[in-house]
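Here is what each chain is made of, one letter per residue.
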Amino acid sequence: MAKITYIEFDGTEHAIDVKPGLTVMEGAVKNNVPGIDADCGGACACATCHVYVDQAWLDKTGDKSAMEESMLDFAENVEPNSRLSCQIKVSDALDGLVVRLPESQH
Amino acid sequence: MALSEASLESRVVIVGAGHAGGSAAAFLRQYGHTGPIVLIGEEPLLPYQRPPLSKAWLKGEADAESLALKPDAWYAEAGVSLRLQAVAVEINRGARTVILASGETVSYDFLILATGARARELPIPGADLAGVLALRTAADAEALKGALGPGKRLAVVGGGYVGLEAAASARALGAEATIIERESRVLARVACETLSHFFQDYHGARGVNFVLNANVEAFEGADGHVTGVRMKGGEVIACDAVLVGVGAYPNVELAQDAGLECSGGIVVDLEARTSDPRVFAVGDVTHRPLPTYERQFRLESVPNALEQAKQAAAAIVGRAPPPHEIPWFWSDQYDLKLQIAGLPFDADAQVVRGDVAAAKFAVFHLKGDLIQAVEAVNAPPEFMAGKQLIAKRTPVSLEKLADPTISMKEVAA
């Protein structure tokens, strides 16, 4: 299990044990963490699972695919550390990961 | 105590444990609702995602656990009481109860109907043969999966999204696939001609056969199992299984019998409220307002189910309604990602942007200089920017839109 901390826009923290192999998005949705909608269920088709990855974890969460990059390009409030959480696979190496959620996914 | 005002303690009953019903329960808890929730579903499974059934799941790339909206344990932890394999047979609006086939009576302050849609059947000879399948539920998908594999022949009646996705999955599993369509092109009711021809060519190049302008007369069988699809005129397409994908009907009967207004679905407002203020309806079963297009319409999509689940949950707890959304859809076939935003109502012009032959393009549907809809193939910027332009009702230059050397950001500026 990897412990992932999701921090809502209002500061509410959710520390969740997520099974390796799931995505960071699935870890949130399956535990009913508010603020990650994931309309498309992980098909990289909607950009409603936008998160900000804590600076310390940017290297470990890997690179964005061209598809993810171009979806994020048009999402709202995008920052250099923005990611689509459906594209980050959880592994033991991500134990301790911290992600923050934007004010809105739309 | 019966509650009629919005409150966090109300008793909520949800009929239908699909994506819409399951999400309504989850959003209620996210919004701080603490009252009892009873979730009633006819299938033996907890709420799960249906879109992967024709795609990743069929190809063995997703399992039951990944399909589930929430893990089994979540329902008990969240205090959501389950009635699975349970059929609601009557709503008594006066007594505010739902009566189940088992005889159990469940009381509500607020009721959410999420009864979904069922696959349309073809009323032709042989429709009851084994191997004549639909694709709506996990059980349907299991049956279809069993019929696919190297050398197996799948006939698909209906060239809609379900049929095309299943054909693509069948090819990936080494099966033969023939799509039999009544109209002169696939996706006739749901996409423009450019897209229809593109998808037909793409499937054709990957070994899918097409029979268009087809008039299916009967399914032929031997020993109770389907062996072919017979056309008017006598031609028979031999197969080992048939997938019938010719649309769906909304399951309105429960609402209709209870006297709720129904017309092409259960009629709801932008709070997902029916003609009874204590009764909401969400998902595929509803006929809902589309403010951007100034009309009521029935949508079959996950984004619609989620949007309405949020609307109903927000109204029940007295929270501000969620923002309006532009309807959108997606489909994955082979290496193609199709994303559609909006609906082409009242459109008077089309602009094709990008290279159809290179499988990277978008078709914009315009009413004057306003984008009504965009169909994007492997073109996320066109989809994302298009969706925003539709929502904001921003006029665009058709010339700029047609020129792929001008970025979508510049078109939108």
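Residues numbered from 1 in each chain as written. Chains lettered and ligands numbered in written order. Predicted model: local features only at pLDDT ≥ 70, side-chain atom pairs only at ≥ 80, totals over all residues.

Student: Please clarify how the sheet that holds strand 13 (residues 216–222) of chain B should be interpreted in this entry.
Tutor: What holds strands together in a sheet is hydrogen bonding between their backbones, with the strands either parallel or antiparallel. Residue and element names in this part refer to chain B. Read from one edge of the open sheet, three strands run 13-14-15, paired in antiparallel fashion. In this open sheet, the two strands that pair with only one neighbour each are strand 13 and strand 15 (236–238). Taking the axes of each pair of neighbouring strands and ignoring which way they run, one obtains an average angle of 30° across the sheet. Relative to strand 15, strand 14 (residues 225–231) runs antiparallel, the two being bridged by three bridges. Of the residues in strand 15, the one forming a bridge with G228 is A238. (Pairing = 2+ DSSP bridges. Helix = DSSP H or I, 4+ residues; strand = E, 2+ residues; numbered from the N terminus. Axes fitted to C-alpha atoms, helices over the stretch in contact; angles between N-to-C directions.)

Student: Looking at this structure, how should I read the pairing of strand 1 (residues 2–7) of chain A?
Tutor: The side chains of a regular strand alternate between both faces of the sheet. All names here are of chain A. Here strand 1 runs beside strand 2 (residues 13–18); their pairing, made up of six bridges, is antiparallel. The residue of strand 2 that forms the bridge with Y6 is H14. The turn joining strand 1 and strand 2, which pair antiparallel and follow one another in sequence, is formed by five residues; a positive phi near 100° is taken by G11. Pairing of strand 1 with strand 5 (residues 98–100), which is carried by three bridges, proceeds in the parallel orientation. Counterpart to I7 in the pairing with strand 5 is R100.

Student: Any chance you could explain the nonpolar core here in plain terms?
Tutor: In summary, soluble globular proteins display a tendency toward joint burial of nonpolar side chains. In this structure, B:I14, B:A24, B:I112, B:L113, B:L154, B:V242 and B:V282 are the most contacted members of the largest nonpolar core, which totals 154 residues. For B:L113, the contacting residues outside a window of four places in its chain are B:V15, B:G16, B:L254, B:A255, B:I266, B:V279, B:F280, B:A281 and B:V285. (Core = buried A, V, L, I, M, F, W, Y, C linked by C-beta atoms within 7 Å. Buried ≥ 20, exposed ≤ 12 C-beta atoms within 10 Å, placed from the backbone. Contact = placed C-beta atoms within 7 Å.)

Student: Honestly, unusual backbone geometry in this entry has me stumped. Any pointers?
Tutor: With the exception of glycine, the majority of residues adopt a negative phi angle, and the majority of peptide bonds are in the trans configuration. Residues and elements named next belong to chain B. Despite not being glycine, A359 shows a phi value in the positive range, around 55°. Residue position: A359 is located in the loop between strand 24 (349–355) and strand 25 (360–367). According to the C-beta neighbour criterion, A359 is partly exposed, with 17 such atoms within 10 Å. You will see that N378, though not glycine, has its phi angle at about 50°, which is positive. Locating N378 in the fold gives a position in the loop between strand 26 (370–377) and helix 9 (380–392). On the neighbour-count criterion, N378 (19 C-beta atoms within 10 Å) is partly exposed.

Student: Is there a simple way to think about the pairing of strand 1 (residues 12–15) of chain B in this case?
Tutor: Residue and element names in this part refer to chain B. Taking every second residue as pointing to the same face, both faces of strand 1 are buried, with V12 and I14 on one and V13 and V15 on the other. Bridge count for strand 1 against strand 2 (residues 37–40) is four bridges, and the pairing is parallel. Among the inter-strand pairings, V15 is bridged to a residue of strand 2, identified as I40. Read as a crossover between parallel neighbours, the route from strand 1 over helix 1 (residues 19–30) to strand 2 is right-handed. (Right-handed = clockwise from strand over helix to strand, strands pointing away.)

Student: Explanation requested: the sheet that holds strand 9 (residues 132–133) of chain B in the structure shown.
Tutor: Residue and element names in this part refer to chain B. An order of 9-16-10-11-12 is seen for the five strands of this open sheet, with the pairing classed as parallel. Only two strands of the sheet have a single neighbouring strand rather than two, namely strand 9 and strand 12 (209–211). Alignment of strand 11 (residues 176–180) against strand 12, held across three bridges, turns out to be parallel. In the strand pairing of strand 12, I179 is matched with F210.

Student: What should I look at first to understand the domain arrangement of chain B in this one?
Tutor: By a widespread convention, an interface's size corresponds to the accessible area lost as its parts come together. Residue and element names in this part refer to chain B. Annotation of chain B at the domain level lists domain 1 (5–118 + 248–317), domain 2 (121–244) and domain 3 (335–410). For domain 1 and domain 2, the distance between their C-alpha centres works out to 31 Å. Across the boundary between the two partners, domain 1 contributes 10 residues, which contact 13 residues of domain 2. The class makeup of the residues in the side of domain 1 that touches domain 2 is five nonpolar, one polar and four charged. (Domains from an automatic or database assignment. Nonpolar A, V, L, I, M, F, W, Y, C, P; charged D, E, K, R; others polar.)

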